[in-house]
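Results of the structural survey
Here's the letter readout for the chains.
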Amino acid sequence: QAASPLHPVAVQCQEAQMVVTVHRDLFGTGRLVRAADLTLGPAACQAAGATESTVTFAAGLHECGSVLQMTPDSLIYKTSLSYKPTPTGNLVIVRTSPAVVPIECHYPRRNNVSSNAIRPTWAPFRSTLSSEEKLAFSLRLMNDDWSAERLSNGFQLGESLHFQADVNAENHVPLRLFVDKCVATLTPDKNSSPRYALIDLSGCLVDGRSDDTTSVFLSPRPRQETLQFVVDVFKFARDDRNLIYITCHLKVSPVEQPPNSLNKACFFNKASSLWVPVEGTGDICSCCETGHCHLQG
């Protein structure tokens, strides 16, 4: 509602700020108040603009010392408009009284606070919050030079499988991706038999431990949310089926958390005959040899 002598203070509660319009005939007496004598909030914010008849304040919901109160259904931002007259002309007397006008802006907690129809880019707050709780994992077969996803899933024995695991961590703190385990089966059921573990023991590329393989994790990573590994092509013995299913379990940990025996990417280095981590200290890979991986302490 526009500020007028009948409604000398009007408040507009916008999405991120409140706009307070004050009619300069604040008391309806015909005597206009000075803009400099009006302030907003405990922080005494000054007016954003003034005309011959009105004074306007524009402040963010958290600015000028406003106080937030929460109820089960509402967010309430509280502040006040203060009028403190200062002497003019005759410096001994003033002709108006000070005043304080309480101001509140109420917003529903369970719905969008935007009053603007912004489509198609506007996403409701609730669905935005929901999407931020999820991570998008992917596992792809790549070309030999890692430049693009491989178009064919047909291989010959003697070739190599180039796997790239990724996670989209756009709305999260920086994350480091790990491949916890990978198992090969002849059916989509990862628990079916026969089955062969490529990665096991919380990130040990056990396929590379065999004498006749060169399977490794690539180190260093291209980025923390990506992990690449190469596995020699194989088939199940005494089975003529030529379709193999590979199921992997991916997980993440915060980048700031050092890798450990449960969050690691370890491969067997044939030259040194040692298990080597993509990052972290070598001791986190020792359990790849013993077969008992758990956190110490």
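To be clear, the structure that these remarks concern was listed above.
Now for a look at the structure at hand.

Conventions we followed
- Residues numbered from 1 in each chain as written.
- Predicted model: local features only at pLDDT ≥ 70, side-chain atom pairs only at ≥ 80, totals over all residues.
- Heavy atoms only, no water.
- Pairing = 2+ DSSP bridges.
- Helix = DSSP H or I, 4+ residues; strand = E, 2+ residues; numbered from the N terminus.
- Salt bridge = Lys/Arg side-chain N within 4 Å of Asp/Glu carboxyl O.
- Buried < 20%, exposed > 50% of the residue type's maximum accessible area, 1.4 Å probe, protein only.
- Disulfide = S-S within 2.5 Å.
- Contact = heavy atoms within 4.5 Å.

Turning to the sheet that holds strand 5 (residues 54-60), a few remarks are in order. A sheet is described by the order of its strands in space; here four strands give the open sequence 1-2-5-4, paired in antiparallel fashion. Two strands in the sheet have a free side with no partner beyond their single neighbour: strand 1 (9-13) and strand 4 (49-50).

Cis geometry is adopted by the peptide bond preceding proline 194, which originates at serine 193 and carries an omega value of 5°. Structurally, the position occupied by proline 194 is in the loop between strand 11 (175-185) and strand 12 (195-199). Residue proline 220 follows serine 219 across a cis peptide bond; omega there is 0°. Positionally, proline 220 belongs in the loop between strand 13 (216-217) and strand 14 (226-232). A positive phi angle is found at alanine 44, which is not glycine, with a value near 55°. Turning to its location among the elements, alanine 44 is positioned in the loop between strand 3 (38-40) and strand 4.

What follows deals with the pattern of salt bridges. The tally for this structure, following the rule as stated, stands at eight salt bridges. Between glutamate 104 and lysine 78 there is a salt bridge, with the nearest N and O atoms lying 3.8 Å from each other. Here the residue glutamate 104 occupies a position in strand 8 (residues 99-108), and lysine 78 occupies one in strand 7 (residues 74-83), the gap between them amounting to 26 residues. Given a relative accessible area of 40%, glutamate 104 falls into the partly exposed group. Note on lysine 78: relative accessible area 32%, which makes it partly exposed. One salt bridge in this structure joins arginine 241 and aspartate 239, with 3.0 Å as the shortest N-O distance.

Using the criterion set out here, one finds six disulfides in the structure. In this model cysteine 45 forms its disulfide with cysteine 64; the gap between the sulfur atoms is 2.1 Å. In this structure, the disulfide formed by cysteine 45 and cysteine 64 twists by about -110° around the S-S bond and is classed as left-handed. Linking cysteine 45 in the loop between strand 3 and strand 4 with cysteine 64 in the loop between strand 5 and strand 6 (67-70), this pair joins segments that are 19 residues apart in sequence. Given the relative accessible area of 22%, cysteine 45 is considered partly exposed. By relative accessible area, cysteine 64 is classed as buried at 10%. Note on cysteine connectivity: cysteine 204 is disulfide-linked to cysteine 288, with sulfurs 2.0 Å apart.

Now for the sheet that holds strand 10 (residues 160-168). Spatial ordering of the open sheet is given by 9-10-14-13, a layout of four strands whose pairing is antiparallel. On the outer flanks of this sheet lie strand 9 (136-141) and strand 13, each paired with one strand and no other. Bridging between strand 13 and strand 14 involves two bridges; their strand directions are antiparallel. Within strand 14, the residue paired with valine 216 across the bridge is valine 230.

The next subject is the side chain of threonine 54. Relative to the helices and strands, threonine 54 resides in strand 5. The buried category is assigned to threonine 54, whose relative accessible area is 16%. Those residues in contact with threonine 54 that lie beyond four places of it in its chain are Thr21, Val22, His23 and Arg24.

On to the pairing of strand 14, then. Within strand 14, seven of the seven residues are buried, leaving the element largely enclosed by the surrounding structure. Neither face of strand 14 is open: one carries Thr226, Gln228, Val230 and Asp232, the other Leu227, Phe229 and Val231, and all of them are buried. Bridging between strand 10 and strand 14 involves seven bridges; their strand directions are antiparallel. Considered in strand 14, the bridge of histidine 162 is made with valine 230.

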